[in-house]
Amino acid sequence: MRKPLLLAAEGLNKSFAGFHAIRNLNFYMEEGELRTVIGPNGAGKSTFLDLITGRTRPDSGTLFWKDETDLTRLNEYQIFRAGIGRKFQTPTVYIDHTVFENLLLSLEGARGVWANLFHRPTKTQIDRIHEILGLIQLSAKADTKAGALAHGQKQWLEIGMLLAQNAKLLLVDEPAAGLTDEETHRTGELLLSLAGRHSIIVIEHDMVFVRQISLGRKVTVLHQGSVLCEGSADEVQNDERVIEVYLGRKHVRPVN
Ligand code: ADP
Ligand code: MG
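Residues numbered from 1 in each chain as written. Chains lettered and ligands numbered in written order. Predicted model: local features only at pLDDT ≥ 70, side-chain atom pairs only at ≥ 80, totals over all residues. Heavy atoms only, no water.

1. Topic: the site of ligand 1
Okay, step 1: In the vicinity of ligand 1, the residues found are F16, F19, A21, P40, N41, G42, A43, G44, K45, S46 and T47.
Okay, step 2: For ligand 1, the protein covers 58% of the area, taking 560 Å² as the surface of the free molecule.
Okay, step 3: Those elements that place two or more of their residues in the shell around ligand 1 are β2 (19-30) and α1 (45-53).
Okay, step 4: Residue contributions to the shell around ligand 1 peak at 3 residues, all from α1. (Near = heavy atom within 4 Å. Areas by Shrake-Rupley, 256 points an atom, 1.4 Å probe, with all protein chains shown as cover. Helix = DSSP H or I, 4+ residues; strand = E, 2+ residues; numbered from the N terminus.)

Given below as structure tokens:
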């Protein structure tokens, strides 16, 4: 039986001053999927995430969430409340607060961001934060100021903050950018450990990382604002059209 669709984008279009960044885009995703989206620079990947989160309004098209709500009719805050969380390429953590506090500030149902710091957290909140700290492997850093974390640890904290928000769909834009190979691999393991219980869209260039997280899963290739093809990492890397659009961009060209 087909699982319910979590997200269905149909006929999405977005132009910026005449430049057609998203072009009749159709994209479907099931609940619990970990979907990787690749594509050359300028393909429209980040713009697609902007459309999902309501940061950018489409010119036309629909973006159905769970077959019931058209996200294009909601504002950014309503989309956030619906359970869609975004992680930008550069970590946006509160550097002067501890790792624990960062997670506390992000907890769903927070009384208001700063109020949370002035109330004693409840046992439920503390337990949830420790659970997340374990998942993101930062238990030992709970009392460390976020600003003192390594770049990779900041990325994991930010993923943890999406979990604290109780995001159902995590949008993760280039999580491996600037990370060491070891940090990249651990980021992949973290995302794999979340798949199933969470739905995740990962945008990435690093094909070693893409292969790690997409084994047995679907990869979507975006090109000029449309889906060029979808399939396993092997299938898309061997697709003539994909090789063609990556030609001349050796640094991001898929390799076997
Ligand atoms: P990707 O993330 O795949 O590299 P983007 O979605 O960032 O691509 O960009 C797609 C195209 O849309 C690029 O040519 C970019 O310059 C353009 N674009 C994106 N956002 C804006 C904006 N706010 N204003 C003007 N052009 C934009
Ligand atoms: Mg981008």
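2. Overview of the nonpolar core
Okay, step 1: L103, L133, L157, L170, I200 and V202 are the most contacted members of the largest nonpolar core, which totals 34 residues.
Okay, step 2: The element that contributes the greatest number of residues to this core is helix α6 (residues 151-164), accounting for 7 residues.
Okay, step 3: Contact partners of L103, with chain neighbours within four places excluded, come to I129, I132, L133, L157, G160, M161 and A164.
Okay, step 4: In this structure, L71, L171, I201 and I203 belong to the second largest nonpolar core, which totals 25 residues. (Core = buried A, V, L, I, M, F, W, Y, C linked by side-chain atoms within 4.5 Å. Buried < 20%, exposed > 50% of the residue type's maximum accessible area, 1.4 Å probe, protein only. Contact = heavy atoms within 4.5 Å.)

3. Notes on the sheet that holds strand β1 (residues 5-16)
Okay, step 1: Taken in spatial order, the 4 strands line up as β2-β1-β4-β5 in an open sheet, and their pairing is antiparallel. Every interior strand has two partners, whereas the edge strands, β2 and β5 (69-70), have only one.
Okay, step 2: Here 2 bridges tie strand β4 (residues 60-65) to β5, and the two strands are oriented antiparallel to one another. When the bridges of β5 are listed, W65 appears paired with T69.
Okay, step 3: With respect to the sheet, α1 is in contact with β1, β2 and β4, its orientation differing from that of β1 by roughly 115°. (Pairing = 2+ DSSP bridges. Axes fitted to C-alpha atoms, helices over the stretch in contact; angles between N-to-C directions.)

4. Section: the pattern of salt bridges
Okay, step 1: The final tally for this structure, using the stated rule, is 11 salt bridges.
Okay, step 2: Residue E33 pairs with R35 through a salt bridge whose shortest N-O separation is 2.8 Å. We note that E33, like R35, is buried.
Okay, step 3: Ionic pairing is found between D50 and R86, a salt bridge with its closest N-O pair at 3.0 Å. Taken together, the residues D50 in helix α1 and R86 in strand β6 (residues 84-87) connect sequence positions 36 residues apart.
Okay, step 4: When salt bridges with common partners are traced through the structure, they connect E33, R35 and E230 into a single cluster. (Salt bridge = Lys/Arg side-chain N within 4 Å of Asp/Glu carboxyl O.)

5. Looking at the packing of helix α3 (residues 99-106) against helix α5 (residues 123-135)
The relative placement of two packed helices is expressed as an angle between their axes plus a distance between the axes.
Okay, step 1: Put simply, α3 and α5 touch, their axes get as near as 10 Å, and they point 120° apart. Judged by the inter-axis angle, α3 sits oblique to α5. For the element pair α3 and α5, the recorded crossing hand is right-handed. On the side of α3, the interface is formed by V99, F100, L103 and L104, while α5 contributes Q125, I126, I129, H130, I132 and L133. (Parallel < 35°, antiparallel > 145°, perpendicular 65-115°, else oblique. Left-handed = near helix turned anticlockwise from the far one by under 90°.)

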